[in-house]
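# Structural overview for review
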Amino acid sequence: MDVLQLFGQADAIGRAVALLLLLMSVASWVVILWKAWLLRRAGADVARATAAFWQAPSVVDARERVAGVDRDALVLPLVDATQAQPAGSLAAAGDRSQQLTRVLRDALHAVLDKLQFGQVLLATVGSTAPFVGLLGTVWGIYHALAGIATAGQISIDKIAGPVGEALIMTAAGLAVAIPAVLGYNIFGRRIGRIEADLEGFARDLRELVVHHADATGFAAPGSPAAGAA
């Protein structure tokens, strides 16, 4: 008996469970394939972009070099965040070190949100698909036993077939959940490595800009030092 025959013999609830598992499987595989491509490219781009930045003679030239290799805009937002904030705004309040900490933190969070997109879906599918399959199994067994009771005859042939078909739902739930869980864990480790690289770059970038400001006597617009000047 093939899948189409099983689907045709199921009732409305059984079909709904099967369709839900199919949708969960398709969605998780789309995310898995997309994130595998994205994170592989992102890891290489972050390494190239940070290397290009530190090899540049100036921040302006460094930004141009980063823009040329940072295809997913993971490092460039951090560089752009170091620009001086408009005078007279709360973003320009405090000294330069406080401004950089705030804007780099916000830029880093935005970049990490891009990298973590899809992780919630994988976690949801991995945790709920077995229970959805179990629901289909329980309902299928109930439906089979109800049919046997209505027929008034009990035999191993009439029990084994319908119950075996119902148990397929459990296997289907596991088949949907296992790739999602594996993808979530593998991508989580990759995102963690990229996050560590970006956090390290953000700290080094902050120190560079702060030290450059101290060396040149620069004061951010709206800061007390600027007012005193």
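Remember, it's a predicted structure, so these values are computed and weren't measured experimentally. (Residues numbered from 1 in each chain as written. Predicted model: local features only at pLDDT ≥ 70, side-chain atom pairs only at ≥ 80, totals over all residues. Heavy atoms only, no water.)

Another aspect to go through is the overall build of the chain. What the chain contains, in helices and strands, is 8 helices and 0 strands. Along the chain, helices (α) and strands (β) appear in the sequence α-α-α-α-α-α-α-α when read from the amino end. Per-residue burial over the chain gives 34% buried out of 229 residues. A sequence separation of at least 24 residues applies to 76% of the contacts in the chain between residues at least 6 apart. A total of about 12,900 Å² of accessible surface is found on the chain, and carbon and sulfur atoms cover 67% of it. (Helix = DSSP H or I, 4+ residues; strand = E, 2+ residues; numbered from the N terminus. Buried < 20%, exposed > 50% of the residue type's maximum accessible area, 1.4 Å probe, protein only. Contact = heavy atoms within 4.5 Å. Areas by Shrake-Rupley, 256 points an atom, 1.4 Å probe, with all protein chains shown as cover.)

For the rest of this paragraph, the subject is the nonpolar core. Among the nonpolar cores identified, the biggest contains 44 residues, and V75, L78, L115 and L198 are the most heavily contacted of them. Take this core: its biggest share by element is 13 residues, from helix α7 (residues 156-216). With residues up to four places along the chain from it excluded, the contact list for L78 reads L104, A107, L108, L198, F201, A202 and L205. (Core = buried A, V, L, I, M, F, W, Y, C linked by side-chain atoms within 4.5 Å.)

All right, on to the packing of aromatic side chains then. Throughout the structure, instances matching the rule amount to 4 aromatic pairs. Note on F53 and W54: the rings are 4.9 Å apart at their centroids and 90° apart in plane angle, and the pair reads as edge-to-face. Members of the aromatic cluster, joined through ring pairs, are F53, W54 and F201. (Phe/Tyr/Trp six-rings, centres within 6.5 Å; stacked < 30°, edge-to-face > 60°.)

Taken over all residues, the pLDDT of the chain has a mean of 82, while the share at 70 or more is 76%. Confidence, expressed as mean pLDDT per element, reaches its minimum in the chain at helix α8 (residues 224-228) with 41 and its maximum at helix α2 (residues 12-55) with 92. Across residues 217-229 the pLDDT falls below 50, and counting only partners more than four positions away or on other chains, this stretch makes 16 contacts in the model. (pLDDT = per-residue confidence, 0-100.)

Judged by side-chain polarity, L19, L22, V26 and V30 come together as a nonpolar surface patch covering roughly 360 Å² of accessible area. With respect to the element layout, V26 can be found in helix α2. (Patch = residues over 30% accessible without salt bridge, like charges linked within 9 Å, V, L, I, M, F, W, Y side chains within 5 Å. Salt bridge = Lys/Arg side-chain N within 4 Å of Asp/Glu carboxyl O.)

Attention now goes to the packing of α2 against helix α3 (residues 59-69). Helix packing for two helices is described by the angle between their axes and how far apart those axes are. It is at 8 Å that the axes of α2 and α3 come closest, and there the two elements cross at 160°. When the axes of α2 and α3 are compared, the pair comes out roughly antiparallel. Considering how the two elements wind past one another, α2 and α3 form a crossing that is right-handed. For the pair α2 and α3, the contacting residues are D45, R48, A49, A52, F53 and Q55 in the first and A62, R65, V66 and V69 in the second. The residue makeup of the contact of α2 with α3, split by class, is 6 nonpolar, 1 polar and 3 charged. (Axes fitted to C-alpha atoms, helices over the stretch in contact; angles between N-to-C directions. Parallel < 35°, antiparallel > 145°, perpendicular 65-115°, else oblique. Left-handed = near helix turned anticlockwise from the far one by under 90°. Nonpolar A, V, L, I, M, F, W, Y, C, P; charged D, E, K, R; others polar.)

This paragraph deals with the pattern of salt bridges. A full pass over the atoms with the stated rule returns 7 salt bridges. Note that D45 is salt-bridged to R71, the shortest N-O span being 2.9 Å. Pair noted here: D45 is in helix α2 and R71 is in the loop between α3 and α4 (76-80), with a separation of 26 residues, a long-range link. Sharing partners across several salt bridges, the network here consists of D45, R48 and R71.

Assignment of secondary structure puts W29 in helix α2. Residue W29 is classed as partly exposed on the basis of its relative accessible area of 41%. Residues W29 and P179, spaced 150 residues apart in sequence, show a C-alpha to C-alpha distance of 7.9 Å.

Among the surface-exposed residues, R40, R189, R190 and R193 lie close enough to one another that they form a single positively charged patch. At 3 residues, the largest contribution of residues to the positive patch is made by α7. Note that R190 resides in helix α7. (Lys, Arg positive; Asp, Glu negative; His and termini not counted. Charge placed at Lys NZ, Arg CZ, Asp CG, Glu CD.)

Let's shift gears to helix α5 (residues 96-115). Its 20 residues place the ends of α5 28 Å apart at the C-alpha level, agreeing with the 28 Å of an ideal helix rising 1.5 Å per residue. Buried residues of α5: R96, S97, Q99, L100, V103, L104, A107, L108, V111, L112 and L115, and no others. (Expected span 1.5 Å × (residues − 1).)

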